[in-house]
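Structural description and commentary
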Amino acid sequence: QWQLLESGGGLVQAGGSLRISCSTSGRTFSSYAVGWFRQAPGKEREFVAGLSRSGGRTFYADFVKGRFTISRDNAKNTVYLQMNSLTPEDTAVYYCAADVSFFLSDPVYYSPTEYEYWGQGTQVTVSS
């Protein structure tokens, strides 16, 4: 069993910033591709940002480009999502996920079905 744990969510005013974290003690994030997803009430889980296994490639959903940044701190074995210029439309439960697959192409995964391990989620609420 590999457990992921999100933290850092909360209530933020529109235009503000927030950094959420994903940590684990079971394995090393540097060996896996990771991603952030979010799900709002009544909506499907959607891709937000992804980081390749090597950490050298990133991919973002159009609605967060220029505002959100995914990163990994290998020393702390933690994955982050820095969120700036937040809007009420960003309100959702945010989930981190890890993909155990290995490919020499060092891909970034953007579909929920491509990830095997998930955290329980952290709530991010943006007020207007």
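Described in the following lines is the structure provided in the data block. (Residues numbered from 1 in each chain as written. Predicted model: local features only at pLDDT ≥ 70, side-chain atom pairs only at ≥ 80, totals over all residues. Heavy atoms only, no water.)

This next bit is on the overall build of the protein. Per the secondary structure count, the protein includes zero helices and 11 strands. Going from N to C terminus, the protein has its helices and strands arranged as β-β-β-β-β-β-β-β-β-β-β. Every one of the 128 residues in the protein was classed for burial, and the buried ones make up 45%. Look at the contacts in the protein between residues 6 or more apart in sequence, and 60% of them connect residues 24 or more apart. Counting only carbon and sulfur atoms, one obtains 48% of the accessible surface of the protein, whose full area is about 6600 Å². Side-chain charges in the protein split into 11 positive and 11 negative, and the spacing between the mean points of these groups amounts to 5 Å. (Helix = DSSP H or I, 4+ residues; strand = E, 2+ residues; numbered from the N terminus. Buried < 20%, exposed > 50% of the residue type's maximum accessible area, 1.4 Å probe, protein only. Contact = heavy atoms within 4.5 Å. Areas by Shrake-Rupley, 256 points an atom, 1.4 Å probe, with all protein chains shown as cover. Lys, Arg positive; Asp, Glu negative; His and termini not counted. Charge placed at Lys NZ, Arg CZ, Asp CG, Glu CD.)

Relative to the helices and strands, Ser52 resides in the loop between strand E5 (46-51) and strand E6 (58-60). When residues no more than four places from it in sequence are discounted, the contact partners of Ser52 are Tyr32, Ala33, Arg57, Arg72, Asp106, Pro107 and Val108.

Taken in spatial order, the four strands of this open sheet run E1-E3-E8-E7, and their pairing is antiparallel. If you trace the sheet from one side to the other, it starts and ends with strand E1 (5-7) and strand E7 (68-73), each paired once. Each neighbouring strand pair of the sheet contributes to a mean axis angle of 20°, computed without reference to strand direction. As paired elements, E7 and strand E8 (residues 78-83) share six bridges and run antiparallel to each other. When the bridges of E8 are listed, Phe68 appears paired with Met83. (Pairing = 2+ DSSP bridges. Axes fitted to C-alpha atoms, helices over the stretch in contact; angles between N-to-C directions.)

For the structure on display, the rule yields four salt bridges. Of the charged contacts in the structure, one is a salt bridge between Glu46 and Arg38, with a shortest N-O distance of 2.8 Å. With its nearest N and O atoms 2.9 Å apart, the salt bridge here joins Asp90 to Arg38. Within this pair, whereas Asp90 is found in the loop between E8 and strand E9 (92-99), its partner Arg38 is found in strand E4 (residues 33-39), the two being separated by 52 residues in sequence. In this structure, Asp90 and Arg38 share a single accessibility class: buried. (Salt bridge = Lys/Arg side-chain N within 4 Å of Asp/Glu carboxyl O.)

Within the largest apolar cluster, 35 residues are counted, with the highest numbers of intra-cluster contacts made by Trp36, Ile70, Leu81, Met83 and Tyr94. Elements supplying a minimum of two residues to this core: strand E3 (18-23), E4, E5, E7, E8, E9 and strand E11 (122-127). Per-element tally for this core: the top contributor is E9, with five residues. Excluding residues that lie within four positions of it along the chain, Ile70 makes contacts with Val34, Gly35, Trp36, Ala49, Gly50, Leu51, Thr58, Tyr60, Val79, Tyr80 and Leu81. (Core = buried A, V, L, I, M, F, W, Y, C linked by side-chain atoms within 4.5 Å.)

What follows covers the state of the cysteines. Tallied over the entire structure, the rule returns one disulfide. One disulfide in the model links Cys22 with Cys96; its S-S distance is 2.0 Å. Around the S-S axis, the bridge from Cys22 to Cys96 shows a dihedral of about 55° and counts as right-handed. Separated by 74 residues along the polypeptide, Cys22 in strand E3 and Cys96 in strand E9 bring together distant segments of the chain. Of the residues examined, Cys22 reaches a relative accessible area of 1% and is grouped as buried. Among the residues examined, Cys96 registers a relative accessible area of 2% and is labelled buried. (Disulfide = S-S within 2.5 Å.)

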